[in-house]
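Breakdown of the fold
Here's the letter readout for the chains.
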Amino acid sequence: MEESQGIPVSKSRVLVSVKVWSAFRTLAVSFGLTASSFAQSAAQESNSTNIFAPSSTPADSIFRLSLLVLAATGAIFAVVFSMLLYAAVKFRGRSGDNREPPQVYGSDQLELAWTVIPVLIVMVLFIASARVIHAVQDARRPPGTIEVTAVGHQFWWEFRYQQYGFVTANELHVPVSDPGRSSPTFITLLSADTDHSFWVPRLAGKTDLIPNHPNSLWIDPQEPGIYLGQCAQYCGTQHAKMLLRVYVESRADFDRWVRKQQAIQANAAMSPEALEGRRVFESTACINCHTIEGTVADGRFGPNLRHLMSRDTIASGAAPNTSENLRAWIQNPNAIKPGSLMPAMNLTNKQLNEVTAYMLTLR
Amino acid sequence: MSSLPATMPITETPWTLPSRGRVGMFSLIAGETAIFTIFIVAYIYYIGKSLSGPMPRQVLEVPIFNTICLLSSSLTIHFALRALKGGRIAAFKLFWFVTLSLGAIFLIGTGREWYRLITKEGLTITTNLFGTTYYSLVGLHAFHVSAGLVGLLTVMIFALAARVNQEHAERLDVFSLYWHFVDAVWVAVFIVVYIVGR
Amino acid sequence: MGMTAMSSNSIPISETVSQVAERKPLSEILHEWVITVDHKRLGLMYIGLALLFLALGGLEAAIMRIQLAVPHAHFVSPQVFNRMFTMHGTTMIFFVAMTILFGFGIYLVPLMIGTRDMAFPRLNAWGFWMSAFGGLLLYFSFIGGEGLSGAGTAPDVGWWAYAPLTSPAFSKGHSTDYWTISLLVAGFGTLATAVNFVATILSMRCPGMTLGKMPLLCWMYLVTGGLLLFTITPLTAAQLMLMIDRYLGGHFFDTQAGGSAVMWMHFFWIFGHPEVYVLILPSFAFVSEIVPVFSRKPIFGYPIMVAATVAIGFISMSVWAHHMFTVGMASYSNAFFVLTSMAIAVPTGIKIFNWLGTMWGGQIRYATPMLFCLGFLFQFLIAGLTGVMLGAAPFNWQLSGSYFVIAHFHYVIVGGILFAVFGAFYYWFPKMTGRMLNETLGKWHFGFFFIGFHLTFDFMHGAGILGMPRRIYTYEPNRGWETWNMIVTVGVLFQAVAVLCFAFNLFWSYFRGRATGNDPWDAWTLEWSTSSPPPAYNFAAIPEVKSRRPLWDLKHPEDPDWRYE
């Protein structure tokens, strides 16, 4: 029977046990790394986008459901894997033994058992999921809800606070929600162009922004802080840098921020350079894309710049909001965000300095 | 296998399997059904959703005559094949020709309807959602009718050259399945476009 | 052993293909292969095509992984990266997985059902050439249009090509058209192959081989063929609609005119989900043939395996919107798709248990085919479980669109399908060429690939859990994703080494592998009764069978299978 067995069985058995052991080692290492890594990440509060570190009810409901699902799938894995391992080891053919083992064709009882038990598990997981779906998707708006409309653009976020009458971009501010007196934020999700997805893992699951198909999601963050996220549905060249920052603040801080955003700034106290910059801004194509309330600029293609300097980042998180970055961005957006839809305006160095100075006055 | 032991009994009942032509054609029809279903679903979903432009009720005329022609062609092809199986070649040729003609009349009728819709009613594939879905669905069907006509014409030519006889009946029967399918699709399209959608 | 007596069934063709080749001029050989309608040659051509595209798709993956190894890398531009993930996905699904699985099926099914060729040999050839031209057209996109030195026009809309990103407004030039048309062309070839599988299996079985007696592989390909008829056609329809939008000014997916982007998603996933079952069922087929032979027992629970396969086929057509849990469907819609998606886990799990039951009490021989099947079982188990996680819609709201999902489906496609395919190579290469693949190289291949696979795809789950979305050409350094990405990239090296081992093994063994006869593995299905490689006509006389394991009956006349079935 030499033909039917490739090489002597004993050698293959050694190789198999080596492979089994190396597999085990890989698994053990990866599980260990996994556990410690998640613990570490969860500790880094403000930079974490860990789905297992929820800070808001939707994310928390998902987290609890995930524990149930992980428990069920973990148990199934443990049982089946150990049986697989057992069978793989225990029923190895002995070298030189060419007798065929008993030819078993099946077992009706076993088939029934391993059909019924999975069906039961499926039912449990289905019901648990359905409850969370309903709780999250069909939630009612309590009084005191903050309403925001998010409009997805290539490649930035527009946030319209219709209750307060202002528009901002890329950085969302919401008040912290007290579990006792819930003040969630409901975000209506629209799109101006292609599909996007709003994903801030610690606050909620993601929901897509699809043109002609309004969606909504809600968050009620219970811990102040900055929560990071980004667009999670491929929307074009710069999908990767359509970042999100959600600032969860105390009610007082939030109200203060709202008032600042509502204010139309007075023209006084601008340096001559900034005044010249404003003139350049208003006489070039900038005004076709951007809005600055109180000026002639009322374009809607690009972000609202009224209170640009109240933001920590520019270009939807692509760069920190410093005067150097601002200048570099205006000079050539594609250097920071290649594929961005803002064209380089071919301004002279003098004009760049002036426009940047003007931007710096937009507090 | 020639090396099977002679003691193995030969199967008592004759070993019959469905004809591969028939299975193949049914499989093709299954796939085509799925394509048409998707176009029909799109049509139904977009009923009433056009943002502008002519509405179905305003411009569509129910093509009764065309429909009668096409559905009758299913009957005539059936008669043609019955004649062929019975060896009556002349009758087969006549019925086959009538089938071909009825199909052509249907196609011409569709063409005339489109001409009227485009030139008089200003409805094109780009006009609105109705235009897009209407021309796509009816056009896809017309394309399949055309393909069927090509087949019918090919057989007609062979028949006129006296090259078609009884032994080809099975194969042409398989072809007729396609023609019946095309007619069945028209029933669905007719109901969705001219009855439900108006 | 009665085996040697079996070779009398075929004319002793002791020459291997390479010896025959030496006698004819190259142009004649090429001509023969180009005009062939022989299912065995077409099967090999499909497999060869797939291996070519595997190399290209693998290159695309490597480029992405190098770019993502560290944050803010500048290995490739975002435009190039976006083309890479689009082409990688499209290539691997349509021109690697589908073609290689078709190749094995086209080669094996006629042999296993005891007939001389597929039901429609010329249609078979047509299907192959349509697939080949589709692949060629897709890759022509790299040099078409703006040319090699220009921006290039390979598609960059992702392999699902969501609307309205694909509309003329957002997808200028012809890159999206290359995607659409190449897949349309290949899709017609696929439809032809599906028709051929169904017709062959239903209409060409040898006497005595009722549906209940044909090898499980044939059942899997029958259901695959049937599924394809209803699966590839929705994609064809959607692509026709997209072309109408792009070329004729239609509004199917034009949101500005009231069209629906979500409708594209529905149509695409009505294709897309059953498509992955089209890919996994043939992989199940290979495992279902290899595991019994190497466990020395019949497949455990044949009737249930058939029922589970058919059930999977049907249920798979009802789960599609689990790819759309985040698009804002109503809560009851989401709940429905949770139910169906979880339900499909039941027949799938049943299969795993049955394979386990086949091994149980056996005398397992760990030749390379069995090693790959063991890897399959382990990895498919995990893949199925992460699939259950993804099926729980709220959990999906976090996991979808992230690297967790990428890890999950690569676990299925690489850890499951590719492992099964590798197993199939080692198992059937002797039949196709008359030579064994080298066992030692095979084990190195397995070892390296196993390690590389787990390094890459185990740790990829971590990046997803930490919130890393997919389809991004770079990422921020402050989110804790760097280590995970680096390990993921390192795994690629091991996989590359493994694949090189495999490629070398293929070439070396074709010329210098140990020559073998009809039945090197002591197997039981009809293909092992012919010579290796089989003659053009497969069998001198059409066989007649009485059980699912005709060769077992011959080798064990005192205890034939037909007494127990």
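Because the structure is predicted, anything quoted here is derived from the model rather than measured.

1. Details of the overall build of chain B
For chain B, the helix and strand inventory stands at six helices and zero strands. Along chain B, from the amino end to the carboxyl end, the secondary structure elements read α-α-α-α-α-α. Expressed as lengths along the three principal axes of its C-alpha atoms, the size of chain B is roughly 80 × 40 × 20 Å. Counting all 198 residues of chain B, 35% fall into the buried class. Taking all contacts inside chain B whose residues are at least 6 apart in sequence as the whole, residues at least 24 apart take part in 85%.

2. Remarks on the sheet that holds strand β4 (residues 171-175) of chain A
The pairing of strands in a sheet comes from backbone hydrogen bonds and takes either a parallel or an antiparallel form. Residue and element names in this part refer to chain A. Spatial strand order, β4-β10-β9-β6-β7: five strands in an open sheet with mixed pairing. The open sheet terminates on both sides in strands that have one partner only, identified here as β4 and β7 (207-209). Averaged over all adjacent pairs, the angle separating strand axes in this sheet is 25°, with direction ignored. Across two bridges, strand β6 (residues 196-199) lies against strand β9 (residues 225-231) in antiparallel orientation.

3. Comments concerning unusual backbone geometry
All names here are of chain C. The step from A163 to P164 runs through a cis peptide bond, and the omega angle for that step is -5°. Examined against the element boundaries, P164 turns out to sit in the loop between α6 (121-140) and α7 (175-203). With an omega of -5°, the peptide bond between S532 and P533 qualifies as cis. A positive phi angle, near 60°, is found at R296, a position not held by glycine. One can find R296 in the loop between α9 (261-295) and α10 (302-315). Note on R296: 22 C-beta atoms within 10 Å, which makes it buried.

4. Focus on the interface of chain C and chain B
Every contact between the two is made by 44 residues of chain C and, on the other side, 33 residues of chain B. With ten residues, the top contributor of residues to the side of chain C that touches chain B is helix α8 (residues 216-248) of chain C.

5. Considerations on the arrangement of the chains
Between all two pairs of chains that are in contact, chains A and C come out with the most contacts. Chain A makes no contact with chain B; the smallest distance between any of their C-alpha atoms is 12 Å.

6. Focus on the domain arrangement of chain A
Residue and element names in this part refer to chain A. By domain assignment, chain A separates into domain 1 (55-80 + 106-263) and domain 2 (272-360). Centre-to-centre, using C-alpha coordinates, domain 1 lies 31 Å away from domain 2. Of all the secondary structure elements, the ones that give two or more residues to the side of domain 1 that touches domain 2 are β2 (156-161), β3 (166-169), β10 (243-249) and α4 (251-262). In terms of residue class, the side of domain 1 that touches domain 2 is built from seven nonpolar, six polar and five charged.

7. A word on the interface of chain C and chain A
Each side of the interface is counted separately: chain C has 90 residues, and chain A has 96 residues. Elements represented by at least two residues in the side of chain C that touches chain A include exactly α5 (78-112), α9, α10, α11 (331-343), α12 (345-359), α13 (368-391), α14 (393-399) and α16 (439-465) of chain C. Top contributing element to the side of chain C that touches chain A by residue count: α16 of chain C, with ten residues. Counted by class, the side of chain C that touches chain A contains 53 nonpolar, 28 polar and nine charged residues.

8. Looking at the environment of V157 of chain C
Residue and element names in this part refer to chain C. Tracing the backbone through its elements, the reader meets V157 in the loop between α6 and α7. Residue class for V157 comes out buried when judged on the 23 C-beta atoms lying within 10 Å of it. The spatial distance from the C-alpha of V157 to the C-alpha of S131 is 21 Å, given a sequence separation of 26 residues. Those residues in contact with V157 that lie beyond four places of it in its chain are T86, L165, T166, S171, T176 and W179.

9. Let's talk about the nonpolar core
If you look at the biggest cluster of nonpolar residues, it comprises 317 residues, and the most contacted ones within it are Y46, A97, C218, W264, C373 and A420 of chain C. At 23 residues, the largest contribution of residues to this core is made by α9 of chain C. Once you skip the residues sitting within four places of it in the chain, A420 of chain C turns out to touch S283, F286, V287, F372, C373 and F376 of chain C. Judged by nonpolar contacts, the second largest core, of 19 residues, contains F281, A318, L326 and M359 of chain A.

10. Quick look at α10 of chain C
If you check α10 of chain C, its first and last C-alpha atoms are 20 Å apart, about what 14 residues at 1.5 Å a residue would give, namely 20 Å. Along α10 of chain C, the residues classified as buried are Y302, I304, M305, A308, T309, I312 and G313 of chain C. Contacts from the buried residues of α10 of chain C go to α3 (108-137) of chain A together with α8, α9 and α12 of chain C.

11. Concerning the packing of α9 of chain C against helix α15 (residues 403-433) of chain C
Residues and elements named next belong to chain C. Contact geometry of α9 with α15 gives a least axis separation of 9 Å together with a crossing angle of 45°. The angle between the axes of α9 and α15 places the two elements in the oblique class. Seen along the crossing, α9 lies across α15 with a hand that is left-handed. Contacts from L279, I280, S283, F286, V287 and I290 of α9 reach α15 at V412, I413, G416, I417, A420, V421, G423, A424 and Y427. The class makeup of the residues in the contact of α9 with α15 is twelve nonpolar, three polar and no charged.

About the criteria used
Residues numbered from 1 in each chain as written. Chains lettered and ligands numbered in written order. Predicted model: local features only at pLDDT ≥ 70, side-chain atom pairs only at ≥ 80, totals over all residues. Helix = DSSP H or I, 4+ residues; strand = E, 2+ residues; numbered from the N terminus. Buried ≥ 20, exposed ≤ 12 C-beta atoms within 10 Å, placed from the backbone. Contact = placed C-beta atoms within 7 Å. Pairing = 2+ DSSP bridges. Axes fitted to C-alpha atoms, helices over the stretch in contact; angles between N-to-C directions. Domains from an automatic or database assignment. Nonpolar A, V, L, I, M, F, W, Y, C, P; charged D, E, K, R; others polar. Core = buried A, V, L, I, M, F, W, Y, C linked by C-beta atoms within 7 Å. Expected span 1.5 Å × (residues − 1). Parallel < 35°, antiparallel > 145°, perpendicular 65-115°, else oblique. Left-handed = near helix turned anticlockwise from the far one by under 90°.

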